[in-house]
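Commentary on secondary and tertiary structure
Below, each chain spelled out in residue letters.
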Amino acid sequence: MISKCLAENVQQIKITFSDCTDLTLIPWSYGPELAHGACSVYFETLVPHDHLNYMKSAMQDLVTHEVGTAESVTPEEVIRYFGKHGVTAYSAKVLNTVDQIYDQILSGALVILFDHWEQAISYATNGLPYRQISEPITEPVVQGPHNSTIEELNINIGLIRGLLKSPKLKFEYFTAGEVSQRQIAYGYLDGAVNPESLSEFKRRIADIDTEEILETSYLEEWIRDSAYSPFPQVRYTERPDTAVAALLDGKIIVMVNGTPTILICPGLFFEFLVSSEDYYQQTAFTSLIRILRFAAFVIALLLPSLYIALSTFHSEMIPTVLLLAILDTREGIPFPAFVEALIMEIFFEFLREAGIRLPRPVGSAVSIVGALVIGQAAIQAKIASPVMVIVVALTGIASFVLPQYSMAITIRILRFPLMILASTLGGLGIMFGLLMTLLHLVCLRSLGQPYLATLAPLNITQLRDVFIVVPRQMLLHHPRNRHLHKRRGAK
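Residues numbered from 1 in each chain as written. Predicted model: local features only at pLDDT ≥ 70, side-chain atom pairs only at ≥ 80, totals over all residues. Heavy atoms only, no water.

This part is about a negative patch on the surface. Residues Glu178, Asp207, Asp209, Glu211 and Glu212 make up a contiguous surface patch of negative charge. By secondary structure assignment, the location of aspartate 207 is in the loop between helix H6 (195-204) and helix H7 (220-223). (Patch = residues over 30% accessible without salt bridge, like charges linked within 9 Å, V, L, I, M, F, W, Y side chains within 5 Å. Areas by Shrake-Rupley, 256 points an atom, 1.4 Å probe, with all protein chains shown as cover. Salt bridge = Lys/Arg side-chain N within 4 Å of Asp/Glu carboxyl O. Lys, Arg positive; Asp, Glu negative; His and termini not counted. Charge placed at Lys NZ, Arg CZ, Asp CG, Glu CD. Helix = DSSP H or I, 4+ residues; strand = E, 2+ residues; numbered from the N terminus.)

It is worth spelling out the side chain of arginine 412 at this point. Here arginine 412 lies in helix H14 (residues 405-425). For arginine 412, a relative accessible area of 12% puts it in the buried group. Polar side-chain contacts of arginine 412 include one of 3.1 Å to the side chain of glutamate 353. (Buried < 20%, exposed > 50% of the residue type's maximum accessible area, 1.4 Å probe, protein only. Polar contact = N/O pair within 3.5 Å; in protein donor to acceptor, adjacent residues only side chain to side chain.)

On to the nonpolar core. Ranked by size, the top nonpolar core spans 39 residues in total, and within it Phe231, Phe269, Phe297, Leu301, Met344, Met407 and Tyr451 carry the most contacts. Listed by contribution, the elements that provide at least two residues to this core are helix H9 (283-312), helix H11 (337-357), helix H13 (386-401), H14 and helix H15 (427-443). For this core, the leading source of residues is H9, giving nine residues. (Core = buried A, V, L, I, M, F, W, Y, C linked by side-chain atoms within 4.5 Å.)

Here we take up the sheet that holds strand S2 (residues 36-43). One open sheet accounts for five strands, arranged S1-S2-S4-S5-S3; its pairing is antiparallel. Two strands close off the open sheet at either side, each with one partner strand: strand S1 (23-30) and strand S3 (92-95). Within the sheet, the average angular offset between the axes of one strand and its neighbour, ignoring direction, is 20°. The sheet contact formed by S3 and strand S5 (residues 120-123) spans four bridges and is antiparallel. Bridging across to S5, alanine 92 finds its partner in tyrosine 123. Here helix H1 (residues 6-16) sits on the sheet and contacts S1, S2 and strand S4 (110-114); the angle it forms with S2, its principal contact strand, is near 15°. Helix H4 (residues 98-106) contacts S1, S2, S3, S4 and S5 of the sheet and is inclined by roughly 150° relative to S3. (Pairing = 2+ DSSP bridges. Axes fitted to C-alpha atoms, helices over the stretch in contact; angles between N-to-C directions. Contact = heavy atoms within 4.5 Å.)

Next up on the list: the pattern of salt bridges. Taken as a whole and assessed by the stated rule, the structure comprises 18 salt bridges. In this structure, the salt-bridge partner of arginine 239 is aspartate 241, at a minimum N-O distance of 2.8 Å. For aspartate 241, a relative accessible area of 7% translates into the label buried. Put simply, glutamate 349 and arginine 352 hold a salt bridge, and the shortest N to O gap is 3.5 Å. Here glutamate 349 pairs with arginine 352, and both are found in helix H11, just three residues apart, close to one helical turn. Grouping residues by exposure puts glutamate 349 and arginine 352 together as buried.

Here the focus is the packing of aromatic side chains. Any aromatic ring pair is given by two values, namely how distant the centres are and how the planes are angled relative to each other. With the rule as written, the count across this model stands at 14 aromatic pairs. Seen in terms of ring centroids, phenylalanine 270 and phenylalanine 467 are 5.7 Å apart; in terms of plane orientation they differ by 75°. Their pairing is edge-to-face. Highlighted residues: phenylalanine 270 in the loop between strand S10 (262-265) and H9 and phenylalanine 467 in the loop between strand S12 (449-450) and helix H16 (482-490), separated in sequence by 197 residues. Residue classification places phenylalanine 270 among the buried positions, given a relative accessible area of 10%. Seen from their ring centres, phenylalanine 348 and phenylalanine 400 are 6.5 Å apart, and the 35° between their planes marks the pair as tilted. Residue phenylalanine 348 is located in helix H11, and its partner phenylalanine 400 is located in helix H13; the two are separated by 52 residues in the primary sequence. A residue is classified by how much of its surface remains accessible, and phenylalanine 348, at 17% relative accessible area, is buried. The class for phenylalanine 400 is exposed, based on a relative accessible area of 51%. Cluster of aromatic residues (ring-pair linked, three or more members): Phe231, Phe269, Phe270, Phe294, Phe297, Tyr451 and Phe467. (Phe/Tyr/Trp six-rings, centres within 6.5 Å; stacked < 30°, edge-to-face > 60°.)

Attention now moves to the pairing of S5. Taking every second residue as pointing to the same face, both faces of S5 are buried, with Ala120 and Ser122 on one and Ile121 and Tyr123 on the other. Where S4 lies against S5, four bridges are found, and the strand directions are antiparallel. Residue pairing for S5: leucine 110 is matched across the bridge by tyrosine 123. Two successive antiparallel strands, S4 and S5, enclose a turn made up of five residues, where histidine 116 displays a positive phi of approximately 70°.

What follows is the structure, given as structure tokens:
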């Protein structure tokens with residue numbers, strides 16, 4: 001509880017925030033003959049100076065006017081008095097405990113303590129300046145909305161509510177971390193979300209309040225079903241339109257204050273091969289792009305393994321002219337096909353990571369020049385054949401086609417075990433690896449839902465929006481448009 005003695009409260013705050021040189025305490029007096037004491041407390045690194053000027057002006061007016069004794073003046077009267085002098089009252093709160101005082105100070109509020117009061121008043125400020133809304137960085141936009149989420153939680157929720165103006169859109173807040181006290185919000189569309197998935201989601205995040213959550217991806221550890229599966233079980237986005245589409249599809253979105261990334265769960269396999277822009281283009285073009293994505297997925301996963309298996313165990317399956325060309329390019333290569341592919345794949349992974357970690361103006365240049373130089377040098381040094389360089393380059397390009405980076409990482413992980421199986425058992429090893437992967441996918445679940453939903457278990461109706469996209473008139477029965485279908489049916 002807050003003490004009636006102002007000096008005790010101030011001393012307690014000094015002890016709690018000891019060695020915090022940016023903590024500011026301003027003692028002042030007010031009332032008849034300035035007989036009553038008060039103290040303003042805030043972090044100067046969290047409170048804008050323009051807001052402080054308003055508060056200082058209002059406090060000066062309070063000092064020079066007769067407002068009664070400390071025992072007779074109530075917090076509501078002081079709030080109204082400040083409101084008459086330019087300080088908006090909508091952000092004012094009456095605090096009743098010491099913990100509330102600490103929380104408000106750390107949240108960037110200005111707290112005023114009064115002598116002989118067992119309460120305090122806090123005023124929320126504009127806070128620190130934040131990054132303005134701009135285009136998404138991780139999801140380039142060709143057609144569609146060009147705005148992106150930022151690090152301010154309330155702004156992100158406002159962007160989503162601006163696109164989905166429905167009272168059924170629900171957002172719930174909670175705080176995680178004993179030290180960081182990070183604010184987290186999750187949202188869903190009532191009537192569209194699966195009640196079982198929502199209950200399971202709430203059960204899993206029930207124990208997060210003691211964990212330090214610094215970024216949205218930290219929550220994945222509690223949400224995903226299998227911690228050892230290489231396949232992603234949640235999606236990430238920075239685009240409000242993608243989040244709204246997920247809400248309409250019955251998904252749950254999670255946002256953390258301080259990061260622009262939105263987590264979408266549950267994440268199912270085929271959703272990682274779909275982009276929001278698919279619904280902004282003509283259906284014929286979108287269907288072609290969908291087919292190309294699935295082809296790119298197969299190429300990125302299997303091309304090096306198929307090359308190793310065919311060149312090592314099943315050369316009779318290669319056309320004679322092509323086989324002779326491959327043998328001619330491999331003349332003088334001291335390594336078997338597996339070692340050759342492994343070396344080139346590792347080189348390519350080095351270039352990929354270097355391009356990501358380096359500054360953007362330098363990263364792309366280093367990646368392109370590095371690939372050309374290393375590829376040409378490897379061919380001249382007889383470390384790799386031209387065919388292998390083409391295979392590795394085509395594999396890397398195919399992985400860039402996938403719209404979700406997390407699925408591309410999964411392919412990078414699975415590619416190496418398949419290469420090992422292809423080098424030891426040939427085509428049989430590839431089939432065995434694919435069979436084990438398929439069994440894993442069939443058994444995998446995300447928030448209790450089958451990971452291969454739509455295909456296993458089979459749903460013929462929703463297949464119209466998986467491999468190809470049919471005209472929108474035929475998509476009315478899709479879950480994303482169930483509310484639209486009901487409204488049209490009612491007419």
